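# Structural overview for review
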Amino acid sequence: MTNQEPNQREGKLRDLLILVPYVKPHQAKLWSAVALMIVSSLVSIALPMFMREAVDTHIMAHDLRGLVSLIAIAFALIIVMTVANILRGRLMAKMGQDSIRALRDDLFAYMQKLPVQFFDKIPVGKLITRLTSDVDALRDLVGNAIVAMVIDSLRLVGFLVLMFWLDWRLTVITLLISPILVYAMTFLTSRIRKAEDQVREQASLVNANLQESISGIKVIQGFQAEEHFHEQFQVENHSLLQAGMKAIATYAFFWPTIDLAWILSIAAIFLFGGQWVLDGTTTPGILVAFIAYTDQFFGPLRSLSQAYRIIQRALAGAVRIKRIMTTETEVNKNLKPMPKIIGRVEFQNVTFGYDPGEIVLHDISFTAEPGQTVALVGHTGAGKTSIINLLCRFYDPIEGRIAVDGLNIQEHDLESYRRQIGLVLQEPFLFSGTLRDNIRFGAPQATDEQIWDALKTVGLAETFIKNRITLDTILTERGANFSTGQRQLLSFARALISDPRILILDEATAHVDTLTEQKVQQALAKLLAGRTSFVIAHRLSTIRNADLIIVISDGRILESGTHEQLLTLKGEYWQLCNSQNIVQIS
Ligand code: UTP
Ligand code: MG
């Protein structure tokens, strides 16, 4: 689906339409910039005519006063042009930044809502690089290239018309040189573009590599795998260097080739134009004006070829951004909201695989009555978390149906459904911010009293008061200033506050020691009370009291029932309990 990165050249102009809503609010700036550009272009088109006038009318006639006043007018025009250019530059830059900021905002909001699947296959570092450079490409387009393109084309036409009017023979000579230019503009620029694509691609690999090794730094250092990762990084980094060198090598041809074309044109104009001045078929003023025009003629050509590159990049970026923004999220499906649920959960013949070719869950059926606690038990890789992933609708089943209170969860709005689910994972997600914000994450309106109550319930309040931790204490990234067990209990508190109808604990008690475990068991009892709960725990003592224990093996339900029922079966569960000395305890 979305994991295939589109080719750089794939974009169509139509894809740029995604920019319209972002540029629209800044129309006034856009049109003012266009007006300013027209002014400065008219001046730049007119200036060589002043040179002709100066040479032919005033210099040849020894008319110094006329020359001075002509120069004064030209000077005034140049000032107008300069001011217009400065204003235009500022307006466009402001417009580019403003509209792209809005786009970046929207993009972030979209990404947050993308189906989990989307992130399964693209490395985060790559995604981030892509998005930042894609957004930058669009900013360059909006902030510069769009207007420049239009105006440069107009200037080119203006120059050509005046050049033909002045002397068509000289114009033909200038145009004869243009194949060199066309070569530089097309062949060289396309090679440069390819090389730049490679640089970007390679840079995103380097970033992905960096991101991975930074987030895994503890493990890497612990296993002394620094060398290995360094070597890997060196390889990527070297490829980046090579890609960069290739781009620079191609680039080194570009400007000299353009300069060569320019010098050849000037030489040819002097050679032929000089003769034509001597035989009286043209004037010295026209020759001077012509040289100025030839010079100016190259300016828009250059910036057009630059604009062309910006547009290509922006197109590629637009395609990728559009892909994200049109990836089907539940938000744009317009489903009816999930009503307030009681919490009866039914799996009906559910079959699922992360990859459709590789089935992970086979024909799973069970029912959890409201308020019941359901334990999922099984060896690692059996499919426990996958069942939870389906219940949370991170993924959808391939076959079968999941119903809550008899309503198919796939047919109801995801947000209103998820709001009623609490999810506590083995690695709790804590973010940099205050303790308060971290706890009332799922229920922003919670008061400080409620938060302290929850902290008391999970048994953290005492420790926090003792250590002078307040709700305003700032958590460093991922809550590194708390112990793993404390983080776990924090996520319990968070679940308590958001008061979900369905509660899911996936290995959520794995990190708490046996002493705290008693506290945790009490906290857990309060947490589970009155909610339909799904508990996954390798430590079977945690789940003995569950109303329903489902034993999963290789994606299939092997046995299900209460602790006692399953023990009498003497099957898989009995074996599991034996291995953990649970039977004796019971
Ligand atoms: P689960 O993640 O459901 O297993 O993976 P589990 O029962 O919870 O295991 P533990 O106890 O946490 O270790 C079930 C199967 O799904 C595959 C895994 O390879 C496993 O065989 N899987 C899981 C994927 O293919 N993709 C995923 O993103 C996750
Ligand atoms: Mg799991």
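First, a word on scope: everything that follows refers to the structure included in this document. Predicted model only: the values in this text are computed from it and were never measured.

Moving on, we come to the site of ligand 1. In the neighbourhood of ligand 1, the contacting residues comprise Tyr354, Val360, His379, Thr380, Gly381, Ala382, Gly383, Lys384, Thr385, Ser386 and His538. Threonine 380 has a polar side-chain atom sitting 2.4 Å from an oxygen atom of ligand 1. In the model, an oxygen atom of ligand 1 is placed 2.5 Å from a nitrogen or oxygen of the serine 386 side chain. Contact with the protein chains removes 60% of the 610 Å² of surface that ligand 1 exposes when unbound.

To continue, consider the nonpolar core. In terms of nonpolar packing, the biggest core is built from 45 residues, with Leu435, Leu455, Leu490, Phe492 and Leu505 touching the most fellow members. Of all the elements, helix α16 (residues 484-498) adds the most residues to this core, at seven residues. Residues within four places of leucine 490 in sequence aside, it is in contact with Leu430, Leu435, Ile439, Leu455, Leu460, Phe464 and Phe482.

Time to look at the sheet that holds strand β9 (residues 502-506). The sheet built from six strands is open, its strands ordered β6-β9-β10-β3-β11-β12 with mixed pairing. Looking along the sheet, the strands with just one partner apiece sit at the ends: β6 (421-424) and β12 (556-561). Strand-to-strand, the axes of this sheet are offset by a mean angle of 15 degrees, without reference to chain direction. As paired elements, strand β11 (residues 548-553) and β12 share five bridges and run antiparallel to each other. Bridging from a neighbouring strand, serine 553 pairs with arginine 556 of β12.

Overall, the coordinates contain three cavities of 30 Å³ or more when judged by the stated rule. Its volume calculated, the second largest cavity comes out at about 40 Å³. Forming the walls of the second largest cavity are Thr129, Arg130, Ser133, Asp134, Arg200, Ser204 and Arg320. Counting residues per element, the ones that place at least two in the lining of the second largest cavity are α5 (124-166) and α7 (178-215). Sort the elements by how many residues they give to the lining of the second largest cavity and α5 lands first, with four residues. For the lining of the second largest cavity, the per-class residue count stands at no nonpolar, three polar and four charged.

This next bit is on the pairing of strand β4 (residues 399-404). Within a regular strand, side chains alternate between the sheet's two faces. Two elements, strand β1 (residues 345-352) and β4, share five bridges in a ladder whose sense is antiparallel. Looking at the pairing, valine 345 lines up with valine 404 of β4. Bridge count for β4 against strand β5 (residues 407-408) is two bridges, and the pairing is antiparallel. Pairing of valine 404 across the sheet is with leucine 407, part of β5.

Okay, the sheet that holds β5 next. Spatial ordering of the open sheet is given by β2-β1-β4-β5, a layout of four strands whose pairing is antiparallel. Unpaired on one side and paired on the other, β2 (361-368) and β5 mark the two borders of the sheet. On top of the sheet, helix α11 (residues 384-391) reaches β1, β2 and β4; it is set at about 115 degrees to β1, its chief contact.

Conventions and cut-offs
Residues numbered from 1 in each chain as written. Chains lettered and ligands numbered in written order. Predicted model: local features only at pLDDT ≥ 70, side-chain atom pairs only at ≥ 80, totals over all residues. Heavy atoms only, no water. Near = heavy atom within 4 Å. Polar contact = N/O pair within 3.5 Å; in protein donor to acceptor, adjacent residues only side chain to side chain. Areas by Shrake-Rupley, 256 points an atom, 1.4 Å probe, with all protein chains shown as cover. Core = buried A, V, L, I, M, F, W, Y, C linked by side-chain atoms within 4.5 Å. Buried < 20%, exposed > 50% of the residue type's maximum accessible area, 1.4 Å probe, protein only. Helix = DSSP H or I, 4+ residues; strand = E, 2+ residues; numbered from the N terminus. Contact = heavy atoms within 4.5 Å. Pairing = 2+ DSSP bridges. Axes fitted to C-alpha atoms, helices over the stretch in contact; angles between N-to-C directions. 1 Å grid on protein atoms, 1.4 Å probe; cavity = no way out; pocket = protein on both sides within 12 Å on 5 of 7 lines; lining within 4 Å. Points joined across faces, edges and corners; volume = space filled by probe spheres on them. Nonpolar A, V, L, I, M, F, W, Y, C, P; charged D, E, K, R; others polar.

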